[in-house]
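# Analysis of the macromolecular model
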Amino acid sequence: MTQTPHAESSSLERTVARSQEINAELDKNPSDYRVLTGDRPTGHLHIGHYFGSLTNRVRLQNMGVDTIVLIADYQVITDREGVGPIKERVYSLVADYLAAGIDPDKSMIFLHSAVPALNQLMLPFLSLVTEAELKRNPTVKAELADSQMPMSGLMLTYPVHQAADILFCKANLVPVGKDQIPHIEMCRVIARRFDERYGRAHGDQPVFPQADALLTSGTLILGTDGTKMSKSKGNVIELRMTADETAKALKKAVTDSDRTITYDPVNRVEVSNLLDIAGLCLDRDPQSIAEEIGDGGAGQLKALVTEALNEQLREHRDRRETVMKDQGYLESIIRAGNTRANDIAEQTLTEVRTAMQMSY
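Residues numbered from 1 in each chain as written. Predicted model: local features only at pLDDT ≥ 70, side-chain atom pairs only at ≥ 80, totals over all residues. Heavy atoms only, no water.

So, on to the overall build of the protein chain. Of regular secondary structure, the protein chain possesses 15 helices and five strands. Projected onto the principal axes, the alpha-carbon positions of the protein chain cover approximately 75 × 55 × 45 Å. Across the 360 residues that make up the protein chain, the buried fraction comes to 51%. Nonlocal contacts in the protein chain, meaning residues at least 24 apart in sequence, comprise 76% of its contacts between residues at least 6 apart. When the accessible area of the protein chain is evaluated, it comes to approximately 17,500 Å², of which 50% is carbon and sulfur surface. A distance of 3 Å separates the average location of the 40 positive side-chain charges in the protein chain from that of its 50 negative side-chain charges. (Helix = DSSP H or I, 4+ residues; strand = E, 2+ residues; numbered from the N terminus. Buried < 20%, exposed > 50% of the residue type's maximum accessible area, 1.4 Å probe, protein only. Contact = heavy atoms within 4.5 Å. Areas by Shrake-Rupley, 256 points an atom, 1.4 Å probe, with all protein chains shown as cover. Lys, Arg positive; Asp, Glu negative; His and termini not counted. Charge placed at Lys NZ, Arg CZ, Asp CG, Glu CD.)

Printed below as a string of structure tokens:
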């Protein structure tokens, strides 16, 4: 049954409240949490990822939270006919992770396709959900609407695959935006139904924990045209860009005809987005930046944003360039993460087989 608007609102309110509780608890007991996060290697990371997720991952890691970073290479083919230059993109992701401050001695970085036991969890998990539940998942609907391809079996089961990502390592915390809450709810349903249907491997504890959403609170950075940042739209500022390339991209950024710069996210989306970027880089209120520029116009705004962003990313880009030159080092990081992930997944799969009485 589809949730009513009231039920959806109540669910969101509960998730927001729980996320706020967890944020307060993290400072006191970071070791109580294991975070699963990650990216699809469909392109190179951009400033939206930098401000929206990378800095938060580093924060959680440095707080002492057990942080696991997934490069979801299998999920590339949920909505596309091929994988593209996937190896280049995988290495690019790892380089950006390291440049941003992800420490492989503290955080595990691994590849989806390299962990067979994780993907094997899809089979029992699929027995716990119905076709109707999958089809009404709002994220599946949104992904399908953006795709030029018909619904594939992998697309339909995307939420179950994400549940396997979270549950294989028994993560109990997943940083997400509000649009991803249905995936966390599906994960919780699967964990609960597994316990109800198949039981427990040993003791009184369920095989899988109930994962919580940690809602991201950062500013949403849009593309240079004021819409969602997407490589296909040509509106991204990638972290691998040079300072000159960044300046060129920002010079083309859409603004409007009003010379006076004001911060108005509702009526002046494009101008306000540039002010948000400047505010994040300078650690200032975008309203005060707008007042400072005044009638200086879009040219002055873009110049300020360019200088602030290039300075913000200068050290990141230097570190990124250094690690990209050492392919052997990147490979060693991936191998070490894959090995650890396989150990964890095999242990979880053993517990699953025991609970299902398939240990023979």
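Along strand β3 (residues 107-111), five of the five residues are buried, which leaves the element largely enclosed by surrounding structure. Side chains S107, I109 and L111 of β3 all project onto a buried face; the interleaved residues M108 and F110 project onto the opposite face, where all are buried too. With five bridges joining them, strand β2 (residues 66-71) and β3 adopt parallel strand pairing. In the strand pairing of β3, T67 is matched with S107. Assessed by its sense of winding, the connection that carries the chain from β2 through helix α3 (residues 86-100) to β3 is right-handed. (Pairing = 2+ DSSP bridges. Right-handed = clockwise from strand over helix to strand, strands pointing away.)

On to the nonpolar core, then. If you look at the biggest cluster of nonpolar residues, it comprises 50 residues, and the most contacted ones within it are I47, I71, V94, Y97, I109, L301 and L309. The dominant element in this core, judged by the number of residues it contributes, is α3, at nine residues. The next biggest cluster of nonpolar side chains, apart from the first, holds 46 residues, and it includes L134, L156, V160 and L349. (Core = buried A, V, L, I, M, F, W, Y, C linked by side-chain atoms within 4.5 Å.)

Once that is clear, we can look at the pattern of salt bridges. Tallied over the entire structure, the rule returns 20 salt bridges. As a salt-bridge pair, R240 and E238 come within 2.7 Å of each other at their nearest N and O atoms. By relative accessible area, which is 39% here, R240 ends up partly exposed. When the shortest N-O distance is used, the salt bridge between R268 and D256 registers 2.7 Å. Of this pair, R268 sits in the loop between α11 (243-251) and α12 (269-282) while D256 sits in the loop between α11 and α12; the two residues are 12 residues apart in sequence, bridging distant segments of the chain. Accessibility expressed as a relative area gives 7% for R268, which makes it buried. A relative accessible area of 32% places D256 in the partly exposed class. One connected set of salt bridges, linked through shared partners, spans R18, E21, E25, R188 and D212. (Salt bridge = Lys/Arg side-chain N within 4 Å of Asp/Glu carboxyl O.)

Here the focus is the packing of aromatic side chains. A full pass over the atoms with the stated rule returns five aromatic pairs. Here the aromatic rings of Y50 and F51 are separated by 5.0 Å at their centres, their planes lie at 90 degrees, and the arrangement is edge-to-face. Just as Y50 is buried, F51 falls in that class too. An aromatic cluster of three or more residues is present, and its members are F125, F194, Y198 and F208. (Phe/Tyr/Trp six-rings, centres within 6.5 Å; stacked < 30°, edge-to-face > 60°.)

What follows covers the packing of α3 against helix α14 (residues 297-324). It is the contact of α3 with α14, at a shortest axis distance of 8 Å, that shows an interaxial angle of 130 degrees. As judged from the angle between their axes, α3 and α14 are oblique. α3 and α14 meet at a crossing whose hand is right-handed. Every residue of α14 that contacts α3 at Y91, S92, A95, D96, L98, A99 and A100 is listed here: H316, R319, R320, V323 and M324. When its residues are assigned to classes, the contact of α3 with α14 shows seven nonpolar, two polar and three charged. (Axes fitted to C-alpha atoms, helices over the stretch in contact; angles between N-to-C directions. Parallel < 35°, antiparallel > 145°, perpendicular 65-115°, else oblique. Left-handed = near helix turned anticlockwise from the far one by under 90°. Nonpolar A, V, L, I, M, F, W, Y, C, P; charged D, E, K, R; others polar.)

With 15 residues, α3 should cover 21 Å at 1.5 Å per step; its first-to-last C-alpha distance of 21 Å lies within 8% of that length. Most of α3 sits inside the fold, with 13 of its 15 residues counted as buried. Among the residues trailing α3, G101 stands out with phi positive, at a value near 120 degrees. (Expected span 1.5 Å × (residues − 1).)

So, on to the packing of helix α13 (residues 286-293) against α14. At a minimum axis distance of 10 Å, the contact between α13 and α14 shows a crossing angle of 130 degrees. The angle between α13 and α14 places the two elements in the oblique class. At the point where α13 passes α14, the crossing takes the right-handed sense. Contact with α13, carried on its side by I289, E292 and I293, involves G297, Q300, L301 and L304 of α14 and no other residues of that element. Residue composition of the contact of α13 with α14, by class: four nonpolar, two polar and one charged.

A few words now on the side chain of T348. Among the secondary structure elements, T348 is positioned in helix α15 (residues 327-355). In this structure T348 touches L121, L167, F168, K170 and F208, once residues within four positions along its chain are discounted.

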